[in-house]
Amino acid sequence: MMADISRNVEEVRNRIILEEFCVRNVHTTDFPGNYPGYDDTWDMQTFQKSFRIDVAQLTENLMEFDMVGIDAAIANAFRRILLAEVPTMAIEKVFIYNNTSIVQDEVLAQRLGLIPIKADPFLFEYRSTDESAEEEVSEIDTIQLSLKIKCNRNARASKDSSDPQELYLNNKVFSRDIKWVPIGNQADVFADSSITPVHDDILIALLRPGQELDIIMHCVKGIGKDHAKFSPVATASYRLLPEITLLDTVKGEKAERLKRCFSQGVIELEDVNGSKVAKVVNSRLDTSSREILRHDDLKNVVKLGRVRDHFIFSVESTGILPPNVLVTEAIKVLMAKCQRFLHELDSTDID
């Protein structure tokens, strides 16, 4: 009896259960004094033993990693910092000297502002908010870009052609047409890595003969909390680690249907004495669709859950900074917030 109670308490504390009509154990309950016999007082040594980060995948623009042993509040704070508080460089001011395209000035400026710029934000400072210094640009806080292009007819085009690509020159304006104009000593500082848009094939506007663009842009340092164009990630999300438990042996045709209820690779069939038996291979791949609950003869042989303190993070960079650098910087921002909070507490105690 006591063993059953203990198992139930452990499930309530550590697992979220997905049922047919509800989701159980959603709220965190492992706080001090809530469960007799459990000491849930926060302890640094206990936290250090249980906390870990495991990198599952790392590419040029994508990073997937597991963060284990933390509360959902901390995981969500980390996600929000990635979205809104890691700085980047983005186009802030657009000076349009000539725009004879069909794209309105304000629309064109907005499109330009959303183009990610490949520049290390940690080599720049934030622009001063002083109005007197607003019009001044400096090599330490501003990147200057230029877009000057004109569409002309192609004299070598075939007379029978109707393809704009062949009839006109520069009829499509891409992000590759944006050129960096160094300020001060920037040419020396960034000699090894020229400042350019991250992607060179972003379509900005369509032109026809005689139409042209003559634009100067100023990039400044900012964070996503001020404007989405400064956000360094295309997406930053997390999900809890799925846990699938088979409560009974599933064989034959039922095993085949059970396999089809889950994402590919979650359930596999193994041959046991000439019979196909279902086996959970990799519950991590499950999307928690709960398709199994639509089958009356299968829903009672499977238990669907999520591990409460095991978060699978997916961070996709816009290409300005590598995802592993973004994660590192987000951790630094979170640490700085904690230090600032502790400092404020100390200051309050002194007062």
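For the structure, check the block above.
Here we summarise the structure given alongside this text. (Residues numbered from 1 in each chain as written. Predicted model: local features only at pLDDT ≥ 70, side-chain atom pairs only at ≥ 80, totals over all residues. Heavy atoms only, no water.)

### Looking at the overall build of the chain
Helix and strand counts for the chain come out as 8 helices and 18 strands. Taken over the C-alpha trace, the chain has a radius of gyration of 28 Å; the compact-globule value for 351 residues is 20 Å, which it surpasses by more than 25%. Its C-alpha atoms put the chain at 85 × 75 × 35 Å along the principal axes. Taking as baseline every contact in the chain between residues at least 6 positions apart, the subset at least 24 positions apart corresponds to 74%. For the chain, the computed accessible surface area is about 20,700 Å², with 51% contributed by carbon and sulfur atoms. Here the chain carries 42 positive and 56 negative side-chain charges, and the mean point of each set is 7 Å from the other. (Helix = DSSP H or I, 4+ residues; strand = E, 2+ residues; numbered from the N terminus. Rg over C-alpha atoms; globule rule 2.2 N^0.38 Å. Contact = heavy atoms within 4.5 Å. Areas by Shrake-Rupley, 256 points an atom, 1.4 Å probe, with all protein chains shown as cover. Lys, Arg positive; Asp, Glu negative; His and termini not counted. Charge placed at Lys NZ, Arg CZ, Asp CG, Glu CD.)

### Some points on the side chain of Ser 101
Positionally, Ser 101 belongs in the loop between strand S5 (88–99) and helix H4 (105–113). When its relative accessible area of 11% is taken as the criterion, Ser 101 is described as buried. Within the structure, the side chain of Ser 101 is placed 2.7 Å from the side chain of Asn 99, a separation counted as a polar contact. Here Val 103 takes part through its backbone nitrogen, which lies 3.3 Å from a polar atom of the side chain of Ser 101. What Ser 101 contacts, discounting residues up to four positions off in sequence, is Leu 206, Leu 207, Gln 211, Glu 212 and Leu 213. (Buried < 20%, exposed > 50% of the residue type's maximum accessible area, 1.4 Å probe, protein only. Polar contact = N/O pair within 3.5 Å; in protein donor to acceptor, adjacent residues only side chain to side chain.)

### Regarding the sheet that holds strand S7 (residues 143–150)
In space, the 4 strands of this open sheet follow the order S5-S14-S7-S11, with antiparallel pairing throughout. Of all the strands in the sheet, the pair left with one neighbour each is S5 and strand S11 (179–181). Strand-to-strand twist across the sheet, computed as the mean angle between neighbouring axes with direction ignored, equals 30°. As paired strands, S7 and S11 are joined by 3 bridges and run antiparallel to one another. Bridging across to S11, Leu 145 finds its partner in Trp 180. Strands in contact with H4 are S5, S7 and strand S14 (212–222); relative to S5, the strand with the most contacts, it is inclined by about 150°. (Pairing = 2+ DSSP bridges. Axes fitted to C-alpha atoms, helices over the stretch in contact; angles between N-to-C directions.)

### Let's talk about a nonpolar patch on the surface
Judged by side-chain polarity, Ile 53, Val 55, Leu 58, Ile 331 and Met 335 come together as a nonpolar surface patch covering roughly 430 Å² of accessible area. When contributions to the nonpolar patch are tallied by element, the ones reaching two or more residues are strand S3 (52–58) and helix H8 (323–350). Structurally, the position occupied by Ile 53 is in strand S3. (Patch = residues over 30% accessible without salt bridge, like charges linked within 9 Å, V, L, I, M, F, W, Y side chains within 5 Å. Salt bridge = Lys/Arg side-chain N within 4 Å of Asp/Glu carboxyl O.)

### Details of H4
Among the residues of H4, Leu 108, Leu 112 and Gly 113 are the ones counted as buried. End-on, the buried residues of H4 take up no more than an arc of 135°, which puts them together on one face. Considering only its buried residues, H4 is in contact with S5, S7, strand S13 (203–206) and S14. (Arc of directions from axis to C-beta.)

### A short note on the pattern of salt bridges
Per the counting criterion, the structure on display carries 22 salt bridges. The partner of Asp 66 in a salt bridge is Arg 284, with the nearest N and O atoms 2.6 Å apart. In this pair, Asp 66 is assigned in strand S4 (residues 62–68) and Arg 284 in the loop between strand S17 (275–280) and strand S18 (302–317), connecting sequence segments 218 residues apart. Of the two residues, Asp 66 and Arg 284, neither departs from the other in class, the shared state being buried. Across the salt bridge formed by Lys 148 and Asp 214, the nearest N and O atoms sit 3.2 Å from each other.

### With respect to the nonpolar core
If you look at the biggest cluster of nonpolar residues, it comprises 27 residues, and the most contacted ones within it are Leu 112, Ile 143, Leu 145, Leu 147 and Ile 204. Secondary structure elements with two or more residues in this core: S5, H4, S7, S13 and S14. Apart from the residues lying within four places of it in its own chain, the contact partners of Leu 112 are Ile 91, Val 94, Leu 147, Ile 178, Ile 204, Ile 215 and Met 217. Listed in part, the 23 residues of the second largest apolar core include Met 67, Leu 82, Val 315 and Ile 320. (Core = buried A, V, L, I, M, F, W, Y, C linked by side-chain atoms within 4.5 Å.)

### Some details on the environment of Leu 206
Looking at the element boundaries, Leu 206 is found in strand S13. Once the C-alpha coordinates of Leu 206 and Phe 174 are considered, the two residues, 32 residues apart in sequence, prove to be 9.2 Å apart. When residues no more than four places from it in sequence are discounted, the contact partners of Leu 206 are Ser 101, Asn 171, Lys 172 and Gln 211.

### Brief notes about unusual backbone geometry
Residues other than glycine seldom take positive phi values, yet Asn 25 does so here, at roughly 60°. Relative to the elements of secondary structure, Asn 25 occurs in the loop between strand S2 (23–24) and helix H2 (44–50). Backbone geometry at Asn 273 places phi at a positive 55°, although glycine is not the residue there. Among the structural elements, Asn 273 can be located in the loop between strand S16 (267–272) and S17. On the basis of relative accessibility, which here comes to 80%, the residue Asn 273 falls in the exposed class.

### Notes on the packing of aromatic side chains
This model, assessed by the stated rule, comprises 9 aromatic pairs. The interplanar angle of 35° and the centroid separation of 5.8 Å between the aromatic rings of Trp 42 and Phe 47 together place this pair among those described as tilted. A residue is classified by how much of its surface remains accessible, and Trp 42, at 60% relative accessible area, is exposed. Geometrically, the ring pair formed by Tyr 238 and Phe 313 is tilted, given 5.3 Å between the ring centres and 50° between the ring planes. Of this pair, Tyr 238 sits in strand S15 (residues 233–246) while Phe 313 sits in strand S18, placing them 75 residues apart in sequence. Through pairs of rings, three or more aromatic residues link up here, namely Phe 65, Phe 78, Tyr 238, Phe 311 and Phe 313. The ring of Phe 174 is capped by Arg 176, whose NZ or CZ atom sits 4.5 Å from the centre of that ring. Of note, Lys 221 hangs over the ring of Tyr 126, and the distance from its end group to the ring centre comes to 4.8 Å. (Phe/Tyr/Trp six-rings, centres within 6.5 Å; stacked < 30°, edge-to-face > 60°. Lys NZ or Arg CZ within 6 Å of the ring centre and 35° of its normal.)

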